[in-house]
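# Coordinate inspection notes
One-letter residues, chain by chain:
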Amino acid sequence: MSETKRLSIFPLPGAILFPGLQLPLHIFEQRYRDLVGSALAKDRLIGMVQPHRSADGSPLYEIGCLGRIDDVEALEDGRYNIVLDGEARFRVLRELEVSTAFRQVEAELIEDPQNEVLASVERAAFEFEAKRFAAMQGYSVDWDSVERLDDETLINGVAQIAPFDSAAKQALLEANTLSERCELMIQLMQFFALRDDGDEIVTLQ
């Protein structure tokens, strides 16, 4: 049975966290300082989920990722630098009426399979497209190190850092299996490889 939790959320456009990975964040807005302070006083958990728009109160995407605060640096002026460890995907069931400045939701934790692996042909196809994509973008990559990564770390890691737009990143997060995420990554890399109109790829920064 899936676990249901009350989550304090950080609805940040373009910021995607995957289970097993880390996301560094600089917290400067007062309501999110409050959010971090509250999380540190309780369970250190924050739900990362994208809003559909950047406006306050925007509807949320259904799927996000629960992060646990690992490293934290409290600055003298009240800001924080934190690193979130991705723990599990979650599905937003409903937003809660709250008195806090930050938003909270009732969410269902998604029980993803552990230690998923790709078929060798899937891994080979992914690495081929990744090398072509990296060369096209002018990225310098230590491919020997890449080849030593397990399948989950490789696919989720590239999904989190690749310069795709927010909607594409959301689709990757919503993929239910590693194989589905791998196939979608290949399609996205092929799509961007076909773009020769000089447009810049939308990045997360």
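Up top you'll find the structure we're talking about.
Overview of the structure. (Residues numbered from 1 in each chain as written. Predicted model: local features only at pLDDT ≥ 70, side-chain atom pairs only at ≥ 80, totals over all residues. Heavy atoms only, no water.)

### Here we look at the pairing of strand β5 (residues 80–95)
- Sheet analysis places strand β2 (residues 22–27) next to β5, joined by six bridges and oriented antiparallel. In the strand pairing of β5, Pro24 is matched with Val83.
- Here strand β4 (residues 63–74) runs beside β5; their pairing, made up of ten bridges, is antiparallel. Each bridged residue has a counterpart across the sheet, and for Glu73 the counterpart in β5 is Asn81.
- Where β4 folds back on β5, the antiparallel hairpin that results is connected by five residues, among which Gly78 adopts a positive phi of roughly 100°.
- Relative to strand β6 (residues 104–109), β5 runs antiparallel, the two sharing five bridges. Note on β6: the bridge partner recorded for Glu95 is Val105. (Pairing = 2+ DSSP bridges. Helix = DSSP H or I, 4+ residues; strand = E, 2+ residues; numbered from the N terminus.)

### Some details on helix α2 (residues 120–137)
- Compared with the 26 Å implied by 1.5 Å per residue over 18 residues, the 26 Å span of α2 between its first and last C-alpha is a close match.
- Looking only at α2, the buried set comprises Arg123, Phe126, Glu127, Glu129, Ala130, Phe133 and Ala134.
- A positive phi of about 80° marks Gly138, the residue just after α2. (Expected span 1.5 Å × (residues − 1). Buried < 20%, exposed > 50% of the residue type's maximum accessible area, 1.4 Å probe, protein only.)

### Some details on the packing of aromatic side chains
- In the structure shown here, the tally under the stated rule is four aromatic pairs.
- A ring pair is formed by Phe191 and Phe192, whose centres lie 5.3 Å apart and whose planes are at 75°; its orientation type is edge-to-face.
- Residue classification places Phe191 among the partly exposed positions, given a relative accessible area of 47%.
- Linked through ring pairs, Phe133, Phe164, Phe191 and Phe192 together constitute an aromatic cluster. (Phe/Tyr/Trp six-rings, centres within 6.5 Å; stacked < 30°, edge-to-face > 60°.)

### Concerning the packing of helix α4 (residues 151–161) against helix α6 (residues 178–193)
- At their nearest, the axes of α4 and α6 sit 10 Å apart, and the two run at 45° to each other. The angle between the axes of α4 and α6 places the two elements in the oblique class. α6 is crossed by α4, and the crossing has left-handed handedness. Across from Asp151, Glu152, Ile155, Asn156, Val158 and Ala159 in α4, the residues of α6 making contact are Leu178, Arg181, Cys182 and Met185.
- The residue makeup of the contact of α4 with α6, split by class, is six nonpolar, one polar and three charged. (Axes fitted to C-alpha atoms, helices over the stretch in contact; angles between N-to-C directions. Parallel < 35°, antiparallel > 145°, perpendicular 65-115°, else oblique. Left-handed = near helix turned anticlockwise from the far one by under 90°. Contact = heavy atoms within 4.5 Å. Nonpolar A, V, L, I, M, F, W, Y, C, P; charged D, E, K, R; others polar.)

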